[in-house]
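Fold and contact review
What follows is the residue order along each chain.
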Amino acid sequence: MNPERQNSPTPSVMSFRSSMHSERLFREVAGRTLNTRNDLYMLPVDDEEQDRQDIEHRALYLVLDGLYAAPDLVAKAMAPRQNRPPAVFDIGTGSGIWAMDMAREFPHAEVVGIDLAPPTLHSEGIPNNCRFEVDDANLDLSHYADCFNVVHMRSVAQGIRNYKDTIHRVAQTMRSGGVLLLSSGAYSFFDENRQPLPVVGEGQPGWTACQALLTKVYELGRNGADLDAPSQWDKWLEASPFYTNVGAEDIYVPIGPWSPNLDMRCQRIAQLTQIDAGKVFPAFRPILTLGGMEPATADRWIATAVREVQEMRPKVFLRWRYVWAVRTKTKWYETT
Ligand SMILES: C[S@@+](CC[C@H](N)C(=O)[O-])C[C@H]1O[C@@H](n2cnc3c(N)ncnc32)[C@H](O)[C@@H]1O
């Protein structure tokens, strides 16, 4: 759907709910609400999870000092122009918070967020230049051909079957000069020296519930989803005829303000990340139980991991990876 062809008012989230049967969009698993469209993605899509995403968003806004990496490239791509207003695509929009903030920052632009399920938390206050659609990025994206000046995919890998192919198909949705922004947290925690925590069996020296849980979620998820993709993003983009000016940055964020050397901004990031981590472990319950873990074991690991991050024992970092690239003028073509 081309944003320029939209002549009806931006539909609100409530119109989603009244026009679609919610039982077809959601299913209940292990006490949480999951999407029904994509069986790879098993994190919840409920209010609790969207609230967590908002907290993470606030932390990452402080990390980047704004909504995106590569601010110069984004400013150029989003410059107002007469004939064709710029447009933004947020793939896997979740609560929609990033899309709504982009719509407020660029009131002259149109912002479209897609997700496997509609955002439900912010039914009020959606900017007029922002709308949400239910769609799966694993499927054909040709209905968005040549629409967008900025495309954003943050923390979506768990629902992406083949990320390299998705990056290729996303190029079809982009206008030349547009910016692709990818980001993801690593599937490991890192110690004070920024080394990965050990992956050892329960009861062995060095075992932590937080690392055990993340490792388990990675092992269960990688059977269908492309969880190793973030380490390859920049290589794939550099090899693609559709992208240029590729950049990458890894940022280590402390989980909790355990370091005495944090300025006020870093302390706030660390506190928000601690709250985020405390909420993400319970969100793993459906993945763990559908993956065959005994519910009692899942609950014990989750409770221990939540306590570890609350008590900041061990002292750990989360690593965020940011990768960006600019769309070339090369016309998009299908590959087999
Ligand atoms: C962890 S949340 C992140 C939400 C948001 N990007 C953020 O960073 O605040 C991942 C979101 O991506 C969505 N998602 C996963 N796979 C998807 C796919 N194939 N197509 C569309 N959305 C997808 C999920 O439903 C979920 O809402």
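Right, let's walk through the structure included here.

Rules and cut-offs
- Residues numbered from 1 in each chain as written.
- Predicted model: local features only at pLDDT ≥ 70, side-chain atom pairs only at ≥ 80, totals over all residues.
- Heavy atoms only, no water.
- 1 Å grid on protein atoms, 1.4 Å probe; cavity = no way out; pocket = protein on both sides within 12 Å on 5 of 7 lines; lining within 4 Å.
- Points joined across faces, edges and corners; volume = space filled by probe spheres on them.
- Helix = DSSP H or I, 4+ residues; strand = E, 2+ residues; numbered from the N terminus.
- Nonpolar A, V, L, I, M, F, W, Y, C, P; charged D, E, K, R; others polar.
- Buried < 20%, exposed > 50% of the residue type's maximum accessible area, 1.4 Å probe, protein only.
- Pairing = 2+ DSSP bridges.
- Core = buried A, V, L, I, M, F, W, Y, C linked by side-chain atoms within 4.5 Å.
- Contact = heavy atoms within 4.5 Å.
- Axes fitted to C-alpha atoms, helices over the stretch in contact; angles between N-to-C directions.
- Parallel < 35°, antiparallel > 145°, perpendicular 65-115°, else oblique.
- Left-handed = near helix turned anticlockwise from the far one by under 90°.
- Near = heavy atom within 4 Å.
- Polar contact = N/O pair within 3.5 Å; in protein donor to acceptor, adjacent residues only side chain to side chain.
- Areas by Shrake-Rupley, 256 points an atom, 1.4 Å probe, with all protein chains shown as cover.
- Sits in = over half its atoms within 2 Å of the grid points.
- Phe/Tyr/Trp six-rings, centres within 6.5 Å; stacked < 30°, edge-to-face > 60°.
- Lys NZ or Arg CZ within 6 Å of the ring centre and 35° of its normal.
- Salt bridge = Lys/Arg side-chain N within 4 Å of Asp/Glu carboxyl O.

1. Concerning empty space enclosed by the protein
- Scanning all chains against the criterion turns up 4 cavities of 30 Å³ or more.
- Lining of the largest cavity is provided by 46 residues; of these, Tyr41, Leu43, Arg52, Glu56 and Ser155 occupy positions nearest its centre.
- Contributions of two or more residues to the lining of the largest cavity are made by helix H3 (47-64), strand S3 (87-91), helix H5 (97-105), strand S4 (110-115), strand S6 (148-154), strand S7 (174-190), helix H9 (264-283) and strand S9 (317-327).
- What the second largest cavity holds in volume is close to 70 Å³.
- Of all the secondary structure elements, the ones that give two or more residues to the lining of the second largest cavity are H3, S6, S7 and S9.
- A breakdown of the residues in the lining of the second largest cavity according to their chemical character gives 9 nonpolar, 2 polar and 1 charged.

2. Quick word on the pairing of strand S5 (residues 130-134)
- Judged by how many residues are buried, S5 sits mostly within the fold: 5 of 5 residues are covered.
- Burial of the side chains of S5 extends over both faces: Cys130, Phe132 and Val134 are buried on one face and Arg131 and Glu133 on the other.
- Pairing between S4 and S5: 5 bridges, direction parallel. Opposite Val112, over in S5, you have Arg131 as the bridge partner.

3. A word on the nonpolar core
- Counting 67 residues, the largest nonpolar core has Phe189, Phe281 and Phe284 as its most contacted members.
- Phe284 has contacts with Leu43, Leu213, Leu214 and Val217, leaving out every residue within four places of it along the chain.
- Counting residues in each nonpolar core, the second largest holds 35 residues, with Leu40, Phe89, Ala157 and Tyr218 among its members.

4. As for the packing of H3 against H9
- Where H3 contacts H9, the axes come no closer than 9 Å and their chain directions differ by 155 degrees. Classed by the angle they form, the pair H3 and H9 counts as roughly antiparallel. By crossing handedness, the relation of H3 to H9 is classed as left-handed. Contact residues: H3 offers Glu49, Asp51, Arg52, Ile55, Glu56, Arg58, Ala59, Leu62 and Val63, while H9 offers Arg265, Arg268, Ile269, Leu272, Thr273, Ile275, Asp276, Lys279, Val280 and Ala283.
- Tallied by class, residues from the contact of H3 with H9 come to 9 nonpolar, 1 polar and 9 charged.

5. Let's talk about the site of the ligand
- Looking at the ligand, there are 19 residues lining it, with Gly92, Asp115, Asp136, Ala137 and Arg154 nearest.
- Contact distances for the ligand include 2.8 Å between a nitrogen atom and a backbone N or O atom of Ala137.
- A distance of 3.0 Å is found between a nitrogen atom of the ligand and a backbone nitrogen or oxygen belonging to Gly159.
- Protein coverage of the free-state accessible area of the ligand, which is 600 Å², stands at 97%.
- Here the ligand occupies the largest cavity.

6. Some remarks on the sheet that holds S6
- Read from one edge to the other, the open sheet built from 7 strands follows the order S5-S4-S3-S6-S7-S9-S8, with strand pairing classed as mixed. The open sheet has two free edges, formed respectively by S5 and strand S8 (243-254), since each of these has just one partner strand. Neighbouring strand axes in the sheet, compared pairwise and without regard to direction, differ in orientation by 15 degrees on average.
- By the bridge criterion, 4 bridges tie S3 to S6 in an arrangement that is parallel.

7. Topic: the packing of aromatic side chains
- Evaluated as defined, the whole model comprises 13 aromatic pairs.
- The interplanar angle of 65 degrees and the centroid separation of 5.6 Å between the aromatic rings of Trp207 and Trp301 together place this pair among those described as edge-to-face. Of the two residues, Trp207 sits in the loop between S7 and helix H7 (209-221) while Trp301 sits in helix H11 (residues 295-311), which places them 94 residues apart along the sequence. For the pair Trp207 and Trp301, a shared accessibility class is recorded, and that class is buried.
- Members of the aromatic cluster, joined through ring pairs, are Phe190, Tyr252, Trp258 and Phe317.
- Against the face of Phe317 rests Arg194, its NZ or CZ located 4.7 Å from the ring centre.

8. Focus on the pattern of salt bridges
- The tally for this structure, following the rule as stated, stands at 17 salt bridges.
- Its salt-bridge partner being Arg131, residue Glu133 comes within 2.9 Å of it at the nearest N-O pair. Each member of the pair, Glu133 together with Arg131, is buried.
- One connected set of salt bridges, linked through shared partners, spans Glu49, Arg52, Glu56 and Asp276.

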